[in-house]
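This is what each chain is made of:
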Amino acid sequence: MRIITALALAFALTNCAVFDPLVYKIDIPQGNYVEQQDIDQLRVGMTKEQVRFVLGSPVAENAYRSGEWHYVYRLKPGRGSVTTRHLTVHFDNELVASLSGDYETPEDFYTPLDD
């Protein structure tokens, strides 16, 4: 009788997936949330301090190439697929040289800011 009870209990616990749609799951955001309007403020020739002011601190700085800052955002919703967005700011002589990643380069990006 104990074996049957243990098997029934084990079977009941493995079927908890039936209740999964009823359980609330939170969204888990990680990294830097950056919007296109933030990217639109970047210009070639900006200093690292100016980029940090506009976008915030980067998630990672490349240890081998000190001239790259990485802004990564990952959202794991409670239900649905994971969203990941990535932006890399490339510096040359401590000034912004180019952008790469999942965002569009602004039209005015290659117009330097006035001093």
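Residues numbered from 1 in each chain as written. Predicted model: local features only at pLDDT ≥ 70, side-chain atom pairs only at ≥ 80, totals over all residues. Heavy atoms only, no water.

(A) Molecular detail of the pairing of strand β5 (residues 95-101). Here 6 bridges tie strand β4 (residues 83-92) to β5, and the two strands are oriented antiparallel to one another. What sits directly across from F91, in β5, is V96. Between β4 and β5, which pair antiparallel in sequence order, lie 2 residues; one of them, N93, sits at a positive phi of approximately 55 degrees. (Pairing = 2+ DSSP bridges. Helix = DSSP H or I, 4+ residues; strand = E, 2+ residues; numbered from the N terminus.)

(B) Broad picture of a nonpolar patch on the surface. A cluster of nonpolar side chains, Y24, I26 and I28, forms an exposed patch at the surface whose accessible area comes to about 360 Å². Here I26 is to be found in the loop between α1 (2-14) and β1 (28-31). With relative accessibility at 54%, the residue I26 sits in the exposed group. (Patch = residues over 30% accessible without salt bridge, like charges linked within 9 Å, V, L, I, M, F, W, Y side chains within 5 Å. Areas by Shrake-Rupley, 256 points an atom, 1.4 Å probe, with all protein chains shown as cover. Salt bridge = Lys/Arg side-chain N within 4 Å of Asp/Glu carboxyl O. Buried < 20%, exposed > 50% of the residue type's maximum accessible area, 1.4 Å probe, protein only.)

(C) Region of the structure containing the packing of aromatic side chains. One pass over the full model with this rule turns up 3 aromatic pairs. Look at Y33 and Y73: their rings are 5.1 Å apart centre to centre, the planes differ by 70 degrees, and that puts the pair in the edge-to-face class. With a gap of 40 residues between them, Y33 in the loop between β1 and α2 (36-39) and Y73 in strand β3 (residues 68-76) connect regions that are remote in the sequence. In this structure Y73 comes out as buried when scored by relative accessible area, which is 13%. Centroid distance W69 to F91: 5.0 Å. Interplanar angle 65 degrees. Geometry classified as edge-to-face. Of this pair, W69 sits in strand β3 while F91 sits in strand β4; the two residues are 22 residues apart in sequence, bridging distant segments of the chain. As far as burial versus exposure is concerned, W69 and F91 are alike and both buried. A cation over an aromatic ring shows up here: K48 above the ring of F91, its NZ or CZ 5.2 Å from the ring centre. Above the plane of the ring of Y103 lies R85, whose end atom (NZ or CZ) is 4.1 Å from the centre. (Phe/Tyr/Trp six-rings, centres within 6.5 Å; stacked < 30°, edge-to-face > 60°. Lys NZ or Arg CZ within 6 Å of the ring centre and 35° of its normal.)

Limitation: the analysis is restricted to geometry and does not speak to function.
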